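# Geometric and topological summary
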Amino acid sequence: MLQSLGLPRTEATAIVCLKDCSELRSLHIELVSGLRQPEVSVAMRPLRERGWVEERSEKKNKGKGRPVKYYQLTLPFSQIVKTLEEEFLKDNEEKMIALERLRELETTLQN
């Protein structure tokens, strides 16, 4: 359903994984969602930019290797849905205005 509102599949999947959890490791998101590690990283970037997801890094044993990434939603799921609804309505309103202008233009050209 999130995809039908314009979210890419990977972002929608990541949000659903985080919806009912306080915080998840990147690895857990991979296991639950079926996304690969690069897909999780790519999905999280725009979600962080929108302010919907927060990322926390934690170093592994003795600082060797890549840090473990933890993610959590920064907004309630209902607020994310509301934001998507507002964007959807605004986008459709702009499309309706464009269609009306096209109709007016057609009428003007016929006269």
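How each quantity is defined
Residues numbered from 1 in each chain as written. Predicted model: local features only at pLDDT ≥ 70, side-chain atom pairs only at ≥ 80, totals over all residues. Heavy atoms only, no water. Helix = DSSP H or I, 4+ residues; strand = E, 2+ residues; numbered from the N terminus. Expected span 1.5 Å × (residues − 1). Buried < 20%, exposed > 50% of the residue type's maximum accessible area, 1.4 Å probe, protein only. Arc of directions from axis to C-beta. Contact = heavy atoms within 4.5 Å. Salt bridge = Lys/Arg side-chain N within 4 Å of Asp/Glu carboxyl O. Phe/Tyr/Trp six-rings, centres within 6.5 Å; stacked < 30°, edge-to-face > 60°. Lys NZ or Arg CZ within 6 Å of the ring centre and 35° of its normal. Pairing = 2+ DSSP bridges. Axes fitted to C-alpha atoms, helices over the stretch in contact; angles between N-to-C directions.

The name an unreviewed UniProt entry gives the protein is Transcriptional regulator, with Methanosarcina barkeri MS as the organism.

The end-to-end C-alpha distance of helix 3 (residues 37–49), which contains 13 residues, comes to 19 Å, matching closely the 18 Å that a straight helix rising 1.5 Å per residue would cover. For helix 3, the complete set of buried residues consists of Glu 39, Val 40, Ala 43, Met 44 and Leu 47. When helix 3 is viewed along its axis, its buried side chains cluster within an angular range of 125° and face the same direction. If you follow the buried residues of helix 3, they end up packed against helix 1 (9–19), helix 2 (26–33), strand 2 (53–58) and strand 3 (68–73). Gly 51 occupies a position one or two residues after helix 3 and carries a positive phi of about 80°.

This paragraph deals with helix 1. Within helix 1, burial applies to Thr 10, Glu 11, Ala 12, Ala 14, Ile 15, Cys 17 and Leu 18. On its buried face, helix 1 is in contact with strand 1 (24–25), helix 2, helix 3, strand 2, strand 3 and helix 4 (77–110).

What the rule picks out here adds up to twelve salt bridges. In this structure, Asp 20 and Lys 19 form a salt bridge, with 3.2 Å as the shortest nitrogen-oxygen distance. For Asp 20, a relative accessible area of 65% translates into the label exposed. One network of salt bridges, with partners in common, ties together Arg 9, Arg 36 and Glu 39.

It is worth spelling out the packing of aromatic side chains at this point. For the structure shown, the criterion picks out zero aromatic pairs. When the ring centre of Tyr 70 is taken as reference, the NZ or CZ atom of Arg 56 above it lies at 4.3 Å.

With that settled, consider the sheet that holds strand 1. The sheet built from three strands is open, its strands ordered 1-3-2 with antiparallel pairing. Each of the sheet's edge strands pairs with one partner strand only, and the pair in question is strand 1 and strand 2. Alignment of strand 1 against strand 3, held across two bridges, turns out to be antiparallel. Each bridged residue has a counterpart across the sheet, and for Arg 25 the counterpart in strand 3 is Tyr 70. With respect to the sheet, helix 1 is in contact with strand 1, strand 2 and strand 3, its orientation differing from that of strand 3 by roughly 80°. Packed onto the sheet, helix 3 meets strand 2 and strand 3 and runs at close to 125° relative to strand 2.

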